[in-house]
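Each chain is listed here by its residues.
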Amino acid sequence: MDILISGAGVAGPSLALWLNRYGHRTTIVERAPALREGGYAVDFRGEPHLTVLREMGVLDVVERARTNMGAMWNVNAAGRKLAAMPADLFAGDVEILRGDLARILYEATRAGTEYVFDDSVTSIDQDPDGVTVGFERAARRRFDLVVGADGLHSTVRSLAFGPEPPYLKYLGLHCAVFTTDNYLGLDHTGHAYTTPGRMVALYSARENTEAKAVFWFGSPVLDYDRRDVGRQRELLAAAYEGVGWEADELIRRMWRAEDFYFDSISQVRMESWSRGRVVLLGDAAACPSPLSGMGTGLAVVSAYVLAGELAATPDHRTAFAAYEREVRGYAEGCRRSAEGVAGFMVPESRFMAWFVNQNHRLLPYLPWKGLMAKSARKTASAIGLKDYTGFEVTRPGGPAPRRRPSGRAS
């Protein structure tokens, strides 16, 4: 089939890799003019995540690009270390910068996938035999299926299912991230400063050659144009005026950052992930929010299942239904893992900020010190991987089929 995928982040290229192996023709359209190289660190944990990466043929490359981060430190306004957050709490089995992961997936798929950058879907017209898709720049084209892998604010979802408000649940926080110099000289670590309703952090990246500035703050829903980056910077600057520690310096650096990212912390909740010949994947279908730490792993596992079900049956309706049956429970578990995290991540009061710091300070000595990391691993492992062996094809000059996962992961 000819399959259009909207979104060149993680979910879209992961799906394209599998679809190419099954003999389908894939096109990825991406609104950005080039790959989005910025973003925070993402992680994979548990055997299902690692098994899918291994069978994709990218696990070794991902591991070579891992962040190798140690503990993260909570600091006071003077920069004095107060308490450490263990690496296994937030870094999983493998942690990698989102931009590095996007580049790896792009390189793994560019030979078999048509990439169309600086364009976006504007219309989706379905009929019994296919889908006619309109674009901002390119001419209209026909496809057999359309996949929305275009994130929290999915264009495909809006076109096929309606405006986004009914599907988004705001969790009370906004976040921002950008790349800057590692001017604090951090060595595979980070410092985080918390005041009521605000958290600002700086952590080293790419073998300490740069750093990521990260901001999390509580607020009512903010009204702004998602394409108006200038307005987003203004909102962040206003939120951190007079906060203390390195906030003023980081805000000064924010104005010249080239990879500035700003968004709400929200989840996507939908009764169905498909409509006709259109199906949603990753954050577009079931964003659990960055608070869960599960979004990236969920995306690659979901891509594996969706492609496998499309390979297992010629009827897309049957495949879409099977994909949703296999993944929905897992996605809901990932979503639940984010519940209650906001108050721990960004305490609302001075007492809660003190309590969180005390918890981190005492954690190495408490009998339940590994409970949170074990809970996250259990959630990440709570899916069995079906065996889709036998559906891969070899194109002339293409790679030989790889052995697929067998049995069910535990």
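Preceding this paragraph is the structure being described.
Residues numbered from 1 in each chain as written. Predicted model: local features only at pLDDT ≥ 70, side-chain atom pairs only at ≥ 80, totals over all residues. Heavy atoms only, no water.

### Examining the sheet that holds strand β11 (residues 145-148)
Next up, step 1: Reading across from one edge, β7-β2-β1-β11-β18-β17 is the order of the six strands in this open sheet, with mixed pairing throughout. Each edge of the open sheet carries a strand with a single partner, namely β7 (113-117) and β17 (274-275).
Next up, step 2: The pairing of strand β2 (residues 25-30) with β7 spans five bridges and is parallel. Residue pairing for β7: Ile28 is matched across the bridge by Tyr115.
Next up, step 3: Along the sheet, helix α1 (residues 11-21) makes contact with β1 (2-6), β2, β7 and β11, crossing β2 at roughly 170 degrees. (Pairing = 2+ DSSP bridges. Helix = DSSP H or I, 4+ residues; strand = E, 2+ residues; numbered from the N terminus. Contact = heavy atoms within 4.5 Å. Axes fitted to C-alpha atoms, helices over the stretch in contact; angles between N-to-C directions.)

### Details of the pattern of salt bridges
Where charged atoms of side chains with opposite charge meet at close range, the side chains can pair.
Next up, step 1: As enumerated under the stated definition, the model contains 24 salt bridges in all.
Next up, step 2: Taking the shortest distance from any N to any O, the salt bridge between Arg25 and Asp2 comes out at 2.6 Å. Taken together, the positions of Arg25 in strand β2 and Asp2 in strand β1 put the pair 23 residues apart, joining distant regions of the chain.
Next up, step 3: Taking the relative accessible area as the measure of exposure, Asp2 reaches 27% and is therefore partly exposed.
Next up, step 4: Measuring nitrogen to oxygen at the nearest pair gives 3.8 Å for the salt bridge that ties Glu136 to Arg227. Linking Glu136 in the loop between β9 (130-135) and β10 (141-143) with Arg227 in the loop between β15 (210-218) and α7 (229-239), this pair joins segments that are 91 residues apart in sequence.
Next up, step 5: Relative accessible area serves as the criterion here: at 44%, Glu136 is assigned to the partly exposed category. (Salt bridge = Lys/Arg side-chain N within 4 Å of Asp/Glu carboxyl O. Buried < 20%, exposed > 50% of the residue type's maximum accessible area, 1.4 Å probe, protein only.)

### As for the nonpolar core
As a rule of thumb, nonpolar side chains are buried together in soluble globular proteins.
Next up, step 1: Ranked by size, the top nonpolar core spans 81 residues in total, and within it Ile5, Leu15, Leu281 and Leu306 carry the most contacts.
Next up, step 2: Formed by 26 residues, the second largest nonpolar core is a distinct cluster that contains Phe215, Leu236, Ala247 and Ile251. (Core = buried A, V, L, I, M, F, W, Y, C linked by side-chain atoms within 4.5 Å.)

### Thoughts on the sheet that holds β10
Strand-to-strand pairing in sheets goes through backbone hydrogen bonds, with the strands running parallel or antiparallel.
Next up, step 1: Judged by pairing direction, the sheet is antiparallel, and its three strands sit side by side in the order β8-β9-β10 without closing on themselves. Where the open sheet ends on each side, the last strands, each with one partner, are β8 (121-127) and β10. On average, each strand axis in the sheet is tilted by 25 degrees relative to the strand beside it, whichever way the strands run.
Next up, step 2: As paired elements, β8 and β9 share six bridges and run antiparallel to each other. Note that in β9 the partner of Ile124 across the bridge is Val133.

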